Amino acid sequence: KLRIWGHTDAKGTTDYNKNLSEHRAWAVRDAIIGFGVATDQVTVEGFGASRPRQANFNPDGSDNPDGRKVNRRAEVYLDF
């Protein structure tokens, strides 16, 4: 089984980011299924900006583009 988690940076509203993260995860799911993985073997979840890998903002409150770039991602987990 594969779990695909979508994530975003902190720009945008909570609802927008949740939706965007789900779309990001579904796009990865569709690509994996295109390689022949059975649809019932893949689950998708979007987390929006709730699980950043790096800070979206610097300590002084200014934008952190490098941190935001890292946070825009999809993660694929294999469950054995």
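See the structure above.
**As for the pairing of strand E2 (residues 42-46)**
Right, so step 1: In this sheet, E2 lies alongside strand E1 (residues 2-7) in parallel orientation, the contact comprising five bridges. Opposite Arg3, over in E2, you have Thr43 as the bridge partner.
Right, so step 2: Since E1 and E2 lie parallel, the crossover through helix H1 (residues 14-34) that links them has a hand, and here it is right-handed.

**Details of H1**
Right, so step 1: An ideal rise of 1.5 Å per residue puts 30 Å on 21 residues; H1 measures up with 30 Å between its terminal C-alpha atoms.
Right, so step 2: Along H1, the positions that sit buried rather than exposed are Asn17, Ser21, Ala25, Arg29 and Ile32. The buried residues of H1 occupy an angular sector of 115° when the element is viewed end-on, so they sit on one face. In this structure, H1 carries Asp15, His23 and Gly34 as exposed residues pointing more than 90 degrees from its buried face.
Right, so step 3: Trailing H1 by a residue or two, Gly36 shows a phi angle of about 110°, which is positive.

**Focus on the sheet that holds E1**
Right, so step 1: Spatial strand order, E2-E1-E3: three strands in an open sheet with mixed pairing. Looking at which strands have only one partner, the edges of the open sheet turn out to be E2 and strand E3 (73-78). Strand-to-strand, the axes of this sheet are offset by a mean angle of 20°, without reference to chain direction.

**Details of the side chain of Arg73**
Right, so step 1: As for its placement among the helices and strands, Arg73 is situated in strand E3.
Right, so step 2: Classification of Arg73 by relative accessible area gives buried; the value is 12%.
Right, so step 3: Of the polar contacts made by the side chain of Arg73, one reaches the backbone oxygen of Asn71; its length is 3.2 Å.
Right, so step 4: With residues up to four places along the chain from it excluded, the contact list for Arg73 reads Trp5, Gly6, His7, Arg24, Arg51 and Arg53.

**Observations regarding a nonpolar patch on the surface**
Right, so step 1: Among the surface-exposed residues, Val76, Leu78 and Phe80 lie close enough to one another that they form a single nonpolar patch of about 400 Å² accessible area.
Right, so step 2: Relative to the elements of secondary structure, Leu78 occurs in strand E3.
Right, so step 3: We classify Leu78 as exposed; its relative accessible area is 52%.

Conventions and cut-offs
- Residues numbered from 1 in each chain as written.
- Predicted model: local features only at pLDDT ≥ 70, side-chain atom pairs only at ≥ 80, totals over all residues.
- Heavy atoms only, no water.
- Pairing = 2+ DSSP bridges.
- Helix = DSSP H or I, 4+ residues; strand = E, 2+ residues; numbered from the N terminus.
- Right-handed = clockwise from strand over helix to strand, strands pointing away.
- Expected span 1.5 Å × (residues − 1).
- Buried < 20%, exposed > 50% of the residue type's maximum accessible area, 1.4 Å probe, protein only.
- Arc of directions from axis to C-beta.
- Axes fitted to C-alpha atoms, helices over the stretch in contact; angles between N-to-C directions.
- Polar contact = N/O pair within 3.5 Å; in protein donor to acceptor, adjacent residues only side chain to side chain.
- Contact = heavy atoms within 4.5 Å.
- Patch = residues over 30% accessible without salt bridge, like charges linked within 9 Å, V, L, I, M, F, W, Y side chains within 5 Å.
- Areas by Shrake-Rupley, 256 points an atom, 1.4 Å probe, with all protein chains shown as cover.
- Salt bridge = Lys/Arg side-chain N within 4 Å of Asp/Glu carboxyl O.

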